[in-house]
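Reading the structure
Here's the letter readout for the chains.
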Amino acid sequence: MKTAVITFPASNCNRDAAMALEKVTGRPAQMIWHRETEIPSDIDFVVLPGGFSYGDYLRCGAIASRSPIVKDLVAKAEKGLPIAGFCNGFQVLTESGLLPGALLRNKQLNFVCRPQKLTIENGNTRYTSQYAGLKEVIFPIAHHDGNYYADDATLNQLEKEGRVVFRYAGNPNGSARDIAGIVNEGGNVFGMMPHPERAIDPVHGGTDGLGLFKSIIESI
Amino acid sequence: MAKKKSEITPEIVAEHGLTPEEYEIILDRVGREPNLTELGIFSVMWSEHCSYKSSRRHLGKFLTKGKRVIQGPGENAGVIDIDDGDAIIFKMESHNHPSYIEPYQGAATGVGGIMRDVFTMGARPIALMNALRFGEPDHWKTRQLVKGVVAGIGGYGNCVGVPTVGGETNFHKGYNGNILVNAMCVGLADADNVFYSAAKGVGNPIFYVGSKTGRDGIHGATMASAEFDDDSEEKRPTVQVGDPFTEKLLIEACLELMATDAIIAIQDMGAAGLTSSSIEMADKGGVGIQLNLDKVPQREPNMTAYEMMLSESQERMLMVIKPGKEKLAYEIFEKWELDVALIGKTTDTGRLVLKHNRKKVCDIPIAPLADDAPNLDRPYVIPAGQPVLSHSEVWETQDYNDALVRIMSHPNIASKRWIWEQYDRHVMADTVDSSQSGGDAAIVRIHGKNKAVAITTDCTPRYCYADPYEGGKQCVAETWRNLTAVGADPIAITDCLNFGNPERPDIMGQFVGCIEGMNEACRAFAYPVVSGNVSLYNETNGVAIPPTPAVGGVGLIPDLEHFATLKGAQEGDTLVLIGETEGWLGASIYLSVINSREEGAPPPVDLEVEKRNGDYVRSLIRGRRVHAVHDCSDGGLAVTACEMAFGSNIGMQLSRSNDIPTHAWLFGEDQGRYLLAVEEHSVNPVISTAHSKGIPAQVVGKVGGNRIIADGAFDVTLEGLREKHEAWLPALMNKTDA
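A brief structural summary. Per chain, the residues get numbers from 1 upward, laid out in the order the sequence is written. Going through the entries in the order they are written, you letter the chains from A and number the ligands from 1. Given that the model is predicted, a residue must reach a pLDDT of at least 70 before its local features are reported, and side-chain atom pairs must reach 80 or more before they are shown or counted; all residues, however, enter totals for whole chains, interfaces and linings. Hydrogens and waters are ignored; side-chain quantities use all the structure's heavy atoms.

**Some points on the interface of chain A and chain B**
Contacts between the two partners involve 27 residues from chain A, matched on the other side by 31 residues from chain B. A simple way to read buried area is as the amount of 1.4 Å-probe accessible surface that goes missing from two parts once joined, with both sides added. Across the chain A/chain B interface, buried area totals approximately 2,400 Å², and carbon plus sulfur atoms make up 55% of it. The largest contributions to the chain A side of the interface with chain B come from Arg-15, Cys-113 and Val-203 of chain A, which together make up 23% of the buried area. Put simply, a salt bridge is a Lys or Arg side-chain nitrogen that is within 4 Å of an Asp or Glu carboxyl oxygen. Taken together, chain A and chain B are joined by five salt bridges. The salt bridge involving Arg-198 of chain A is made with Asp-424 of chain B; its shortest N-O contact spans 2.8 Å. Whenever a nitrogen or oxygen atom comes within 3.5 Å of another N or O atom, the pair is scored as a polar contact, on the condition that within protein one atom can donate a hydrogen and the other can accept it, and that pairs from neighbouring residues in sequence are kept only if both atoms are in side chains. Our enumeration of links across chain A and chain B arrives at 15 residue pairs in polar contact (both at pLDDT 80 or more). No other element matches strand β6 (residues 112–120) of chain A, which puts four residues into the side of chain A that touches chain B. Its residues assigned to classes, the side of chain A that touches chain B shows 15 nonpolar, six polar and six charged. The criterion used for residue contact is that any of the two residues' heavy atoms lie within 4.5 Å. Think of it this way: any DSSP run of H or I at least four residues long counts as a helix, any run of E at least two long counts as a strand, and we number them from the N terminus. Amino acids outside the nonpolar list (Ala, Val, Leu, Ile, Met, Phe, Trp, Tyr, Cys, Pro) and the charged list (Asp, Glu, Lys, Arg) are all regarded as polar, and Gly is one of them.

Have a look at this one:
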């Protein structure tokens, strides 16, 4: 099992993501620099970490989504490579077209950081199968632009296809239909604004994030 | 060239904040009339902000050495040893004047600057703290300032990816004209890979790295060395603009280069930019410096030498590289897409020589810039202490429910959630405890290890105002107590000394009094000052801020199996109070909120008692004798119990254990006290051991239920009180203008 974390300029949760992957797989994650052009073929799972890639300038995730490495990421996603984006990583995924919708500025306009209760909407995805029927988890959130937006047709389709994986219990940012995390049609690409990688150790105040990493690793 | 002779008029000298006497010294040391660039360089180096001319002789009194001190004051930040080859590098700094004029950028660049001070020395920043003071909540400027400062701190720290884990925020009319924004950064380094600023050797290349130089912030240091008046808004152009994205790249690039053996000396360009960084490096290393300003990356065309040397553009570093390592430096900085330029070299002349447009534009000796900086012995009068207030001189409320609600929702006690929810407190995934729990100190794990640092900031300006000496002692003692209350060994402090105009003997007296009190506490606890900053002239139209010596304390929790917070109180626990309660109401929150009076002597701190009580509490935490601990300070026992109840999410019932009047019992602010939640079976041993050591300890109540009760005084629901405690700040910030 080999995992990787992509680092963009001013990614700042890359180390946190790598620690989570190492904890679950028992092996250090490979760090991939954004200017590289190819994700090594032996990588089984890629995380796009949180942070402020390119300072959130222009639009969150927009510049990073044009990085050389993202071209190969898109190609490999289409072939079924599991890819997860947390926070800024989710924004990069929507900007690169791997997931539908967009992340707008939080409704109350302020940055918000708090432990956030989420409901698991679909426990049968590659990212949630190990939660074994658990209905609620708490992951920290920390973002300024987490207000998920998509048109009604897209939202309806996401819901109909069971691709809304997590919803906020108590919407912190104005997201449409309380959506916190979604998967693509193939079920291999997942994005969410909350930070499961910051909920993997009792010191964090909870370990609810482990289930997500265990689920995707188990599915490979 | 006859015209050149009259270039520097007395008016120009005065505009540069220099006295005629200081100008005479410059003429003597330079040996001729300086040109404008040279005058500008002397002006910033001799400004209050850079030279500490009013404070230097007093700062020298501080205890600065200790067995864990690797580097005390005099470098970019202080360095302490936390065992296992790890070092903690930390400092607190003010950004008061710019934050008042331009709150977002002022606060943001304050955070950026203090982080640079820390990573310049080889540390990865791991935590940020801040101590903020604003004017009255209803003052017309306050909301705008709170909003801007908080957004600026969050906007910078969140982007760089360093958690903002704690701090304090106060409101008082004394800050209506001058807010205080004090930011602290704590970093982690290898103890044997700490970087210093002394340039060494001759002919070594000097590299400029980071953002381009623009015209922002010219004379910021001079601005921070003068009082405000009604035209202060016009100083907006002297405020710098921050770019946290570049800062993040700069951190990563510098740490990457520091992991190689390429750097001789490194210094960030903070106040007075290229001038102070180059001169400090040269002066400390005893070398000269020659710079070619044409090579300096510039944001705007046609900048003059004067502008480049005095610009305070942010996110810039200067470093002396080992010959032969130039290529490596270029490679790393280019990888991170940062501007990098070889702009000069060290020399053996002892002079600062600048070239611009192929002309020599500055040639002055370096030593006088530092050695001959004014070192003033300003007259001072330490204000007489205020009389001690007896219990009967303080009006006792007839409605304790109302009093409790008013105090718990008072601006200085109410929840600051609206502020800290805008800060990323968890990035880096090592935050153990933060503002989120309202505890005494933030706790941040050392990455990959089972130990942690505890960090706190504290200051009680109303005590310092009432009695600078006792207040100064109390600031240091409270940080020591905060660190102790989480189970840490307090190690050292940084300070940010915010005062009014030092040219006034009463203000200078506050300054000297506070320092002497602080120093006595430092010595009693073997708790040295390792870094800090002085901010004077916090004064508008002759009205000074209350004396505010903010203290940032750092301690070590050697084993994360043994620490405490206020969150752990459990149903059935007994509340035990350590320390003596006399019911001190002078200069208290109760007196201010319920009696609308700010007077009386502040509670004295008996340092010996403080240490004895604290050492005992720490031993109880390490022996797992307690479920929860909270320092008893602002608002006394009642507020302490409420905060523990909120943190633990469980009710508390306080019962009488003495016969002092109720208001003094509940709200007296006697020092050296801790409230403990103790499991039933440990109560007797905890109390009897305390008594055997001569430490006052008594049962003051029980934990349980969902109400907060004090016998014969108040009885309210936990949730109802919490609602009031949480509601105040959002209500203020969401108010729409009429």
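**A closer look at a nonpolar patch on the surface**
All names here are of chain A. Here a patch means residues that are over 30% exposed by relative accessible area and free of salt bridges, tied together within 9 Å if like-charged and within 5 Å if nonpolar (Val, Leu, Ile, Met, Phe, Trp, Tyr). Throughout, the Shrake-Rupley method with a 1.4 Å probe supplies accessible areas, and for residues the shown protein chains are the sole cover considered. Side chains of Tyr-57, Leu-58 and Ile-63 sit close together on the surface and give an oily, nonpolar patch of about 300 Å² of accessible area. As for its placement among the helices and strands, Ile-63 is situated in the loop between β3 (45–48) and α2 (68–78). Only protein chains enter the accessibility calculation, which uses a 1.4 Å probe. A residue is then buried if its area is under 20% of the maximum for its type, exposed if over 50%, and partly exposed in between. On the basis of relative accessibility, which here comes to 32%, the residue Ile-63 falls in the partly exposed class.

**Thoughts on the pattern of salt bridges**
Going through the model one piece at a time under the given rule, you end up with 63 salt bridges over all chains. Residue Asp-261 of chain B pairs with Lys-322 of chain B through a salt bridge whose shortest N-O separation is 2.7 Å. Here Lys-322 of chain B lies in the loop between β10 (316–321) and α14 (326–335) and Asp-261 of chain B lies in the loop between α11 (244–258) and β8 (263–268), a separation of 61 residues in the sequence. With relative accessibility at 26%, the residue Lys-322 of chain B sits in the partly exposed group. Residues Arg-481 of chain B and Asp-631 of chain B are paired through a salt bridge, measuring 3.1 Å at the closest nitrogen-oxygen approach. Within this pair, whereas Arg-481 of chain B is found in helix α19 (residues 468–485), its partner Asp-631 of chain B is found in strand β23 (residues 628–632), the two being separated by 150 residues in sequence. In terms of burial, Arg-481 of chain B and Asp-631 of chain B fall into one category: buried. Linked through salt bridges whose partners overlap, the residues forming this network are Glu-121, Asp-152, Glu-159, Arg-167 and Arg-177 of chain A.

**Focus: the side chain of His-34 of chain A**
Looking at where His-34 of chain A falls in the secondary structure, it is placed in the loop between β2 (30–33) and β3. Beyond its immediate chain neighbours, meaning those up to four positions away, His-34 of chain A contacts Thr-7, Phe-8, Pro-9, Tyr-54, Ser-67, Pro-68 and Ile-69 of chain A together with Glu-337 of chain B.

**Focus on the nonpolar core**
The definition of a nonpolar core used throughout is a set of buried Ala, Val, Leu, Ile, Met, Phe, Trp, Tyr and Cys residues joined through side-chain atoms within 4.5 Å. Core analysis: the largest hydrophobic core is formed by 135 residues, its most contacted members being Phe-166 and Phe-190 of chain A together with Met-319 and Phe-333 of chain B. The dominant element in this core, judged by the number of residues it contributes, is α11 of chain B, at nine residues. Of all hydrophobic cores here, the second largest spans 86 residues; its members include Ile-455, Cys-459, Cys-475 and Val-486 of chain B.

**Notes on the pairing of strand β16 (residues 452–458) of chain B**
Residue and element names in this part refer to chain B. With seven of seven residues buried, β16 lies mostly within the body of the structure. Because side chains alternate across β16, one face comprises the buried residues Ala-452, Ala-454, Thr-456 and Asp-458, and the other comprises Val-453, Ile-455 and Thr-457, equally buried. Of the pairings in the sheet, the one linking strand β15 (residues 442–445) to β16 comprises four bridges and is antiparallel in character. What sits directly across from Val-444, in β16, is Val-453. Where β15 folds back on β16, the antiparallel hairpin that results is connected by six residues, among which Gly-448 adopts a positive phi of roughly 80°. Here a strand pair is declared whenever DSSP counts at least two bridges between the two strands. Examined bridge by bridge, β16 and strand β21 (residues 548–557) share seven bridges and lie antiparallel to one another.

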